[in-house]
Amino acid sequence: MSQRSERRGIHVDQSELLCKKGCGYYGNAAWQGLCSKCWREEYQRARQKQIQDDWALAEKLQREEEAAYASSHSSQSQSPAQPSQSQSSLTPFSKFEEKKTNEKTRKVTTVKKFFSPSSRTAPKKESHEGKSHSPSFTRQPSLETDRVSRDFVDFLKNLQKPGREIHKQSRAFIESMANKKDLGADELSECVQDFYQNMSDRLMTHFKGSSEKVERVMDQVEKYIMTRLYKSVFCPETTDDERKDLATQHRIRALHWVTIQMLCVPVDEEIPEVADSVVKAITDIIEMDSKRVPRDKLACITSCSKHIFNAIKVTKKEPASADDFLPTLIYIVLKANPPRLQSNIQYITRFCNPSRLMTGEDGYYFTNLCCAVAFIEKLDAQSLNLSPEDFERYMSGQVSPRRQDDPGSWTHSTPNVNPVISQIHHTLDLLTCLEKRQQQVLDGALTMQAELHDWQDGVAREVQDILEKFPLEIKPRASAIDAENVESDRLPPPLQPQVFAG
């Protein structure tokens, strides 16, 4: 099979990474393929249309109510008196009309209150005065929050008067977000993006169009604000981000059998430098979850991608291409299974400075990560050049390509097998041999135990036979040697030593 056909399921044209509106910026799957700028325009256009539709509905309900009220009034004036029988027969219908009219009146009143300016401002004031702040905003600041606040103040000191205004506006925005804890994730994102846009416009006017200075200040503003708001806007309860995280983790675990050869990844992990780059890439993508600021999370993705490019470059001994990068990124994501991957992607999408996602290497790498996650979610047999039957068996865990005993399988015939996987197979073979030897030892021990029991019983039987054949006789105690010599008194006395004096 040719290299081109192997890449059929993974290849992504670079034009597909760009915004579908053709503006030239990078798109995002979370924004339906649009960039942040076009998405905001579409979102605001749809929101304005929804408001107009709601106004039209309110006016329609009001006209129906007025018509119903006028018709009921005219009918009562034309026929003031009706027979009691007909009145009793129309009573249920009249009650139904009255109930319907009351329901329409409540709808009209609710819609009018929702769109009236006083209703939009009054609850905020009431909640600001009567309700306490969200626990996420009133809790004691952490050490990281204190450090970021000090760094932000030190940075703004160099700007003097504009710095004081920026600090004031940022603190006011954080306090205002405490009253918006009941908003959905999209509304919270809209508030943050509006603040970014307004602050950027003011800074652009102050710095007279110096985009570099504006970007440097906006990075600090984003770091200060999102560090303070992180616990209340990351994976909020109003979204299904947590469910998506669990689904993605389960999906990646189910794809544990996917090999580097199936994805056509041009990486040789037997080379020490390549193996080190792969480990660093996995570490970076996992470390993304520990960061609070969207820019820092993007930095982890960028660092991971650079390690991937380095691994490809060292393996191929030439610069890596985009067609090589995406399969390798998919492989890294499958090996790392980053925690809360969907929540981190959504967090970056909602609250990152939009200029970072539209252009530059951060936006390019982030868009590729979104494509990699989308590919993993839709990965099928055709993408891996497998038959549907094999794909289903691998997914169900019935068999695994890593445990095939065929000498011609990839574990034996492919020279570029991951050394870690080779070591795992070697260890598994050793464990299998040890298991067989252990079973043999256990069988031998049981056999020896049975033989010992038989030998013990045989010895006991032989001893018993000998005792029966030769019974034990107890003889009397033996006497002294000269006990039977009755004439011992006639014996001469024993010789006594004599001493001669010379």
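Residues numbered from 1 in each chain as written. Predicted model: local features only at pLDDT ≥ 70, side-chain atom pairs only at ≥ 80, totals over all residues. Heavy atoms only, no water.

1. Thoughts on the pattern of salt bridges
Here is the rule: We count a salt bridge whenever a side-chain nitrogen from Lys or Arg sits within 4 Å of a carboxyl oxygen from Asp or Glu. Secondary structure elements are taken from DSSP: a helix is a run of H or I of four residues or more, a strand is a run of E of two residues or more, and numbering for both begins at the N terminus. Relative accessibility thresholds used throughout: buried, under 20% of the residue-type maximum; exposed, over 50%; partly exposed, between the two (1.4 Å probe, protein chains only).
On inspection of all chains with the given rule, the structure shows 16 salt bridges. We note a salt bridge from Asp151 to Arg147, for which the minimum N-O separation is 3.7 Å. Of the two residues, Asp151 and Arg147 both sit in helix 6 (residues 143–157), 4 residues apart, roughly one turn of that helix. Accessibility expressed as a relative area gives 33% for Asp151, which makes it partly exposed. Salt bridges here are not isolated pairs; linked through shared partners, they connect Asp219, Arg356 and Asp362.

2. Observations regarding the packing of aromatic side chains
Heads up, the condition is: Aromatic contacts are taken between Phe, Tyr and Trp rings whose centres are within 6.5 Å, Trp giving its six-membered ring; a plane angle under 30 degrees counts as stacked, one over 60 as edge-to-face, and the others as tilted.
Within this structure, the stated rule accounts for 13 aromatic pairs. Centre to centre, the rings of Trp257 and Tyr394 are 5.0 Å apart; their planes meet at 50°, and the pair counts as tilted. In this pair, Trp257 sits in the loop between helix 10 (241–254) and helix 11 (272–287) while Tyr394 sits in helix 17 (residues 388–396), placing the two residues 137 residues apart along the sequence. For Trp257, a relative accessible area of 0% translates into the label buried. By relative accessible area, Tyr394 is classed as buried at 8%. Measuring from ring centre to ring centre gives 6.4 Å for Phe325 and Tyr364, while their planes differ by 25°; the resulting arrangement is stacked. Placement of the pair is Phe325 in helix 13 (residues 322–336) and Tyr364 in helix 16 (residues 360–378), with a sequence separation of 39 residues. In this pair, the class of Phe325 matches that of Tyr364, namely buried.

3. Section: a nonpolar patch on the surface
Rules: Patches draw on residues past 30% relative accessible area with no salt bridge. Two like charges within 9 Å are joined, as are two nonpolar side chains (Val, Leu, Ile, Met, Phe, Trp, Tyr) within 5 Å. Only the protein chains shown count as cover for residues, and the accessible areas themselves come from Shrake-Rupley with a 1.4 Å probe.
Residues Val420, Ile424, Leu428, Leu431 and Leu434 make up a contiguous nonpolar surface patch of roughly 440 Å² in combined accessible area. In this fold, Leu434 is placed in helix 19 (residues 419–469). Taking relative accessible area as the criterion, Leu434 reaches 48% and is therefore assigned partly exposed.

4. Description of the nonpolar core
Basically, it comes down to this: To define a nonpolar core, start from buried Ala, Val, Leu, Ile, Met, Phe, Trp, Tyr and Cys residues and group those joined through side-chain atoms within 4.5 Å. Contact definition: two residues touch when any of their heavy atoms are within 4.5 Å.
Ranked by internal contacts, the top residues of the largest apolar core, which has 50 residues, are Leu263, Ile301 and Ile332. Each residue touching Ile332, except ones within four places of it in the same chain, is listed here: Val278, Ala281, Ile282, Ile285, Cys304 and Ile308. Counting residues in each nonpolar core, the second largest holds 29 residues, with Phe173, Leu203, Val214 and Val217 among its members.

5. Details of empty space enclosed by the protein
Quick note on the threshold: Only protein atoms enter the 1 Å grid used here. Points where a 1.4 Å probe fits but cannot escape make up a cavity, open sets with protein on both sides within 12 Å along at least five of seven lines make up a pocket, and a residue lines them when an atom lies within 4 Å of a point. Grid points are joined across faces, edges and corners, and a volume is the space filled by probe spheres set on the points. By the convention adopted, Pro, Cys, Tyr, Trp, Phe, Met, Ile, Leu, Val and Ala count as nonpolar, Lys, Arg, Asp and Glu as charged, and the other residues, Gly among them, as polar.
This structure, assessed with the given rule, holds 2 cavities of 30 Å³ or more. Lining the second largest cavity are Val148, Asp151, Phe152, Gln220, Lys223 and Tyr224. For the lining of the second largest cavity, the elements supplying multiple residues, two or more each, are helix 6 and helix 9 (211–233). A breakdown of the residues in the lining of the second largest cavity according to their chemical character gives 3 nonpolar, 1 polar and 2 charged.

6. Things to note about the confidence of the model for the protein
As a reminder, the rule being used: The predictor attaches a confidence to each residue, called pLDDT, with possible values from 0 through 100.
Looking at the protein, the pLDDT average stands at 78 and 71% of residues meet or exceed 70. Within the model, the stretch residues 110–140 combines pLDDT values under 50 with 26 contacts to residues more than four positions away or in other chains. In the model, residues 403–416 has pLDDT below 50 throughout and makes 24 contacts with residues more than four positions away in sequence or in other chains.

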